[in-house]
Amino acid sequence: MLTAVRCMLSKLISPLWRTVEVDGEGIFSGTPGMEDIRHLRGSVVTQLCLDYAMIDDAIYFTSGEVLGGVPLKEGDVVNCIAVRDGAQGGWKALRVEKNADAWEDGGKTSIEADSMQLRPLIGTVTSFEKDGGYINQTTYFPRYSLWEGYEPMKGDWVQAKYFINLSGSQWTTQAHSVAPLRYCRLDKVRVTSVYGNIGVVEDDVFFSLDSLLLPAHYQPLPGHLVNLVMVESSQSLYCWRALCMAPCLQSGNSSATCLPEAELQSILENKGGLDVTVYGQFEDLMIGEKRELVLWIQNKGSETHRLKCCDFAGWDSEEQFTLVAVKGFTPLRHKRPPLQENCSKSKICSESSEKQVSDAKEIDKENGEVQKDITHSPGVRREEREMDISPGERLSIVVACQAKSLGSCAELLLLHFSSFTIGRRLEVTVGSKEENLLQPSEPYSPRDASLVSTMPTQVITVSAPKDAPRLTKRRLPTFLPNFPLPQALRDCVEAQSDVLVVQPCLGEELSPSNMRSRFSILLWLEELNAEREMKEFSIEGALLTKGAVYLHLEVLGLADGRPSLNIGDRIVLKKPQSAGVVMEYVSYVTEIKDETVSLRVNAEFQRSYLGEPLDVDFSYNRLTMRRCHNALEQTKQFVEILFPSTVTVQTPQWTGKWVEEPDQNKEDNKTPAMENGKLSSISIDMKSKATQTKDGRLASKPIPSPGKFFNPDLNPPQREAVKRIMAGECRPIPYVLFGPPGTGKTITLIEAILQVYHFLPSSRILVCTPSNSAADLICVRLHDSGFLHAASMARVNASCRQEESIPEVLRLYSRAGEDIRHASFHRIVVSTCSSAAMFHNIGLQVGHFTHVFLDEAGQATEPESLIPISFVSEKDGQIVLAGDPCQLGPIVKSKLAAAFGLGVSLLERLMANQLYSRHDWGYNPNLVGALCTQSFKVVFGSKYHIDINEDNKNVSHATQRICYMA
């Protein structure tokens, strides 16, 4: 695998470097030739000395070069890579590996043999220094293990092979070989910004000059047209990093001027006795603000110079910089001393640009001369009026900056004289008021975990009785297993040891065989992190307020989710006694209002509490994690759904004819329900016994004819997506509906739900979202459509959700969702992914729901997405995933869990599957629906860059992860 990667990437890079080779010497000219490197197999250790050894009496090595630190003895057969020592002319081994075929029986125990087995690992580089670095914080890799020509950087996604190594008394993991996980070549792309040692290409590819491979004597600057090879890397807002870069030829018609570094330095220098103001900083501007800056051209020489024209190099594509005025001929004699050549930058910086303009006017007055001013209207990018600057005179150039684009930007002002050009760099940083609102009010300071109280000699626990169920109709049997957290994993994380030693499957690529065990471990890692966070919020010496029934506790930060509490959560109140005895009172949250929590405690403790201080420990509620574990168990047979490799076309669910747009409103709307183009035996106005409620209101709008849309304002991509969902020809493989914000994913889902509900009478729909707010939005949209009666839908809420947080319009549907068994027989059921797990408690079978719609799927972890998916048939059910993987991803707080992939949603992972990728002929319309607007530029997850237009056909290769740029 790694050999193929090296070969393929070398083919990508080689033509890139050929275009910039100078005198036959390329960028890698310093690499030793093949005659200086030897790869030996089957060699023999011939000498063992105190601090070194010899291979074949010719190659020197020390214990540091032995892979895995395996002890060697004379006669051992080894493989090695050796390089010629330039100083001595001898050979030195870079890496020595004991030949596995030569191991004698009994020479290694089975544990040692297993530890030396190479295992796959996919992760991110979390640190890298001169001699090596770490992957996922725990797996060390030395520099010699890197793929040739690859210089890693923190954040890079890599694929590696590693082994378990015994270092002293501790097992650790070490990489044997490391290569980029994904890479791509881009030609003729433009450097959009450079700030210090970092920059961005095409507003999408990050690069750092510290790790970027460049041709000799070249440095990228804004506006340069370059070819590059990029690797997948998480660098702040960017998911690609340039590995190597070279300039390419640029047409003379381009507005931006590409200058080599040497030529740029020459342009920035003063010439011919002219001294031009060096300072060109506009500093910080708010979006929409305008500021002017004065640059002086002083003639300190003995010759007259003619300024022929002024313009800009075109680095700034937004054209925020303009020439405001060119003021001529100011003698150098005046009361204020002229700007000196070595004037400190800080002194110039302290004067505002407005004061500089004012000073220029005052100087003109003092001289008492009528100045020849040439003033232009704002927006001039080029001035071609010629002006002579005699010895002893100076000229002022007023440059304005109109802040238009957020971020840092640079431009090059060019002053063209008769025989030379002088340039000055202009810089500005543009911000907005909204950015300031996001600043923290004060730095976060976590509670010092080291300040742990002494262990009590005896603990007496008194528990409070749990509250009666808030929803009297919801009496659920408990079929949910506990899924306890393994003690070995807890010990490993608390000791900050290498988790791969305990759970090697985390280093493997996700597959059907390891999916269940891998995600279980990731869920446990997230749970351990949540437990640690809850401990940080413990309160010492809290004073509770005594009420008639409950004790009331004030928790600062509760309104902001620090900590996150729900009704029914467990809180332990500790009261120290004499002789090291501690009384623990277990209480339960019964009400939450702002930052006050009402607690149900033991009745005797409630009566005896006199306001003394208590220590408070919060407990993590494992319910959602247990539901995710259970979903992994329930979806063991869903291999073809979760890891699709082929598409089997099924008979369409609905075979009716769609009415063309011009005919959309010609026919009468009120018609019976149709299934597969035929009259259904059950009218849409009839309600089964299972869906009766007290309020049996019918739909307030007439139902359109089959083949017509409920929402006539849908655009063509949205209509096409609805048609594909109705047909469901690729079920049970998920159908993906994605697009940037504002493209109408939710209204498309609403249309699809209404179509399935009315024209597939045998259907039963489960609609889920990761959050209550998103689920409420779906319900409100369905209610407001006017095409559903009151018994059509049930909104299933979590038992801990307070009624005040439920929108008034949804309370009728929420009451229908209180009885879980009754709610499960509604034609449309809406809930969060976690709350859908309550259907497992009543023993609901796989296939109960025919359709599952998962909105905001990019915000749910994959185990969370599996909860609703586990209720559809693995043979004939239909799954629709809608979302934007680059908007808000799943919230994963454990760095370890995130590093090993818990933060990758099912939607994002499927988009990397070959079936969902874009091919030469486009996407498979039966599997993917891409929604777009003309104002968006979309980069899809299959290495394609799409500029959206009305045809949606302009396609060019670009990046690999999904991201959207306005």
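Residues numbered from 1 in each chain as written. Predicted model: local features only at pLDDT ≥ 70, side-chain atom pairs only at ≥ 80, totals over all residues. Heavy atoms only, no water.

**Considering the overall build of the chain**
Then step 1. Within the chain, the secondary structure is distributed over 21 helices and 47 strands.
Then step 2. Counting only residues that meet the buried cut, the chain has 50% of its 966 residues in that class.
Then step 3. Of the contacts formed within the chain by residues at least 6 apart in sequence, a portion of 73% connects residues at least 24 apart.
Then step 4. Carbon and sulfur atoms form 50% of the exposed surface of the chain, whose accessible area is close to 46700 Å². (Helix = DSSP H or I, 4+ residues; strand = E, 2+ residues; numbered from the N terminus. Buried < 20%, exposed > 50% of the residue type's maximum accessible area, 1.4 Å probe, protein only. Contact = heavy atoms within 4.5 Å. Areas by Shrake-Rupley, 256 points an atom, 1.4 Å probe, with all protein chains shown as cover.)

**Here we look at the nonpolar core**
Then step 1. Ranked by internal contacts, the top residues of the largest apolar core, which has 85 residues, are L525, F839 and Y916.
Then step 2. Looking at this core, the element that brings in the most residues is helix α9 (residues 515-536), giving eight residues.
Then step 3. Here L525 is in contact with L489, V493, V499, L506, S894, L896 and A897, once residues within four sequence places are set aside.
Then step 4. Core analysis: the second largest hydrophobic core is formed by 39 residues, W654, V722, L749 and L931 among them. (Core = buried A, V, L, I, M, F, W, Y, C linked by side-chain atoms within 4.5 Å.)

**Considerations on the sheet that holds strand β41 (residues 851-854)**
Then step 1. Across the sheet, which stays open at both edges, the seven strands sit in the order β39-β40-β38-β41-β42-β37-β43 with parallel pairing between neighbours. Each edge of the sheet is formed by a strand with only one pairing partner; in this case those strands are β39 (793-795) and β43 (928-930). Averaged over neighbouring strand pairs, the angle between their axes works out to 15° when direction is ignored.
Then step 2. Examined bridge by bridge, strand β37 (residues 735-738) and β43 share three bridges and lie parallel to one another. Looking at β43, one finds that L737 is bridged to G929.
Then step 3. Strands β38 (765-769), β39 and β40 (828-832) of the sheet are contacted by helix α15 (residues 772-785), whose axis makes an angle of about 155° with β39. (Pairing = 2+ DSSP bridges. Axes fitted to C-alpha atoms, helices over the stretch in contact; angles between N-to-C directions.)

**Some thoughts on helix α19 (residues 862-869)**
Then step 1. Counting buried residues along α19, eight of its eight residues qualify, which places the element largely inside the surrounding structure.
Then step 2. Buried within α19 we find E862, P863, E864, S865, L866, I867, P868 and I869.

**Points about empty space enclosed by the protein**
Then step 1. Under the counting rule described, the total for this entry stands at one cavity of 30 Å³ or more.
Then step 2. By volume, the largest cavity amounts to about 50 Å³.
Then step 3. Class assignment for the residues of the lining of the largest cavity results in seven nonpolar, four polar and two charged. (1 Å grid on protein atoms, 1.4 Å probe; cavity = no way out; pocket = protein on both sides within 12 Å on 5 of 7 lines; lining within 4 Å. Points joined across faces, edges and corners; volume = space filled by probe spheres on them. Nonpolar A, V, L, I, M, F, W, Y, C, P; charged D, E, K, R; others polar.)

**Quick word on the sheet that holds strand β4 (residues 77-84)**
Then step 1. A barrel is described by the order of its strands in space; here five strands give the closed sequence β1-β2-β3-β5-β4, paired in mixed fashion. With strand direction ignored, the average angle separating the axes of adjacent strands in the sheet is 50°.
Then step 2. Sheet analysis places strand β1 (residues 37-48) next to β4, joined by six bridges and oriented antiparallel. The residue of β4 that forms the bridge with V44 is V77.

**Observations regarding the pairing of strand β26 (residues 421-431)**
Then step 1. Burial analysis of β26 places eight of its 11 residues in the buried class, the great majority of the element.
Then step 2. Pairing of strand β17 (residues 281-286) with β26, which is carried by four bridges, proceeds in the parallel orientation. Across the sheet, residue Q281 finds its bridge partner in β26, namely E427.
Then step 3. As paired strands, strand β25 (residues 407-417) and β26 are joined by 10 bridges and run antiparallel to one another. In the strand pairing of β26, C409 is matched with V428.
Then step 4. As consecutive antiparallel partners, β25 and β26 are separated by three residues.

**A look at the side chain of S824**
Then step 1. Mapped onto the elements, S824 comes out in the loop between α17 (820-823) and β40.
Then step 2. Sequence-distant contacts of S824, defined by excluding residues within four places in its chain, comprise R764, F839, I842, L844, H848 and F849.

**Concerning the pairing of strand β42 (residues 878-883)**
Then step 1. With six of its six residues buried, β42 lies for the most part within the structure.
Then step 2. Side chains Q878, V880 and A882 of β42 all project onto a buried face; the interleaved residues I879, L881 and G883 project onto the opposite face, where all are buried too.
Then step 3. For β37 and β42, the ladder comprises four bridges, and the chain directions are parallel. The residue bridging Y735 from the neighbouring strand is V880, located in β42.
Then step 4. Pairing geometry for β41 and β42, over four bridges, is parallel. Across the sheet, residue V852 finds its bridge partner in β42, namely I879.

**Some remarks on the packing of α9 against α19**
Then step 1. It is at 10 Å that the axes of α9 and α19 come closest, and there the two elements cross at 120°. On the basis of their axis angle, the class for α9 and α19 is oblique. Residues M515, F519 and L523 of α9 form the contact with α19, whose own contacting residues are E862, P863 and L866. (Parallel < 35°, antiparallel > 145°, perpendicular 65-115°, else oblique.)

**Describing the pattern of salt bridges**
Any two side chains of opposite charge can pair, so long as their charged atoms come close to each other.
Then step 1. All chains considered together, the criterion is met by 27 salt bridges.
Then step 2. R801 is paired through a salt bridge with D776; the nearest N and O atoms lie 2.6 Å apart. One end of the pair, R801, is in the loop between β39 and α16 (811-816); the other, D776, is in helix α15, with 25 residues separating them in the sequence. As far as burial versus exposure is concerned, R801 and D776 are alike and both buried. (Salt bridge = Lys/Arg side-chain N within 4 Å of Asp/Glu carboxyl O.)

**Focus on a negative patch on the surface**
Then step 1. Together, E202, D203, E318 and E319 give the surface a local cluster of negative charge.
Then step 2. With respect to the secondary-structure elements, E318 resides in the loop between β19 (305-312) and β20 (321-331).
Then step 3. Look at E318 and you get partly exposed, because its relative accessible area is 40%. (Patch = residues over 30% accessible without salt bridge, like charges linked within 9 Å, V, L, I, M, F, W, Y side chains within 5 Å. Lys, Arg positive; Asp, Glu negative; His and termini not counted. Charge placed at Lys NZ, Arg CZ, Asp CG, Glu CD.)

**What to know about the confidence of the model for the chain**
Then step 1. Looking at the chain as a whole, its pLDDT mean stands at 76, while 76% of the residues score no less than 70.
Then step 2. For the stretch residues 101-111, pLDDT sits under 50, and the model shows seven contacts to residues farther than four places along the chain or on other chains.
Then step 3. Here residues 250-256 is modelled with pLDDT under 50, and outside its nearest four sequence neighbours on either side it reaches 12 contacts, counting other chains as well. (pLDDT = per-residue confidence, 0-100.)

**What to know about unusual backbone geometry**
Then step 1. Omega for the peptide link from R731 to P732 comes to 10°, which places this bond in the cis form.
Then step 2. In this fold, P732 is placed in the loop between α13 (716-727) and β37.
Then step 3. Unusually for a residue other than glycine, E319 sits at a positive phi of about 55°.
Then step 4. Within the secondary structure, E319 sits in the loop between β19 and β20.
Then step 5. The class for E319 is partly exposed, based on a relative accessible area of 42%.
Then step 6. You will see that E856, though not glycine, has its phi angle at about 55°, which is positive.

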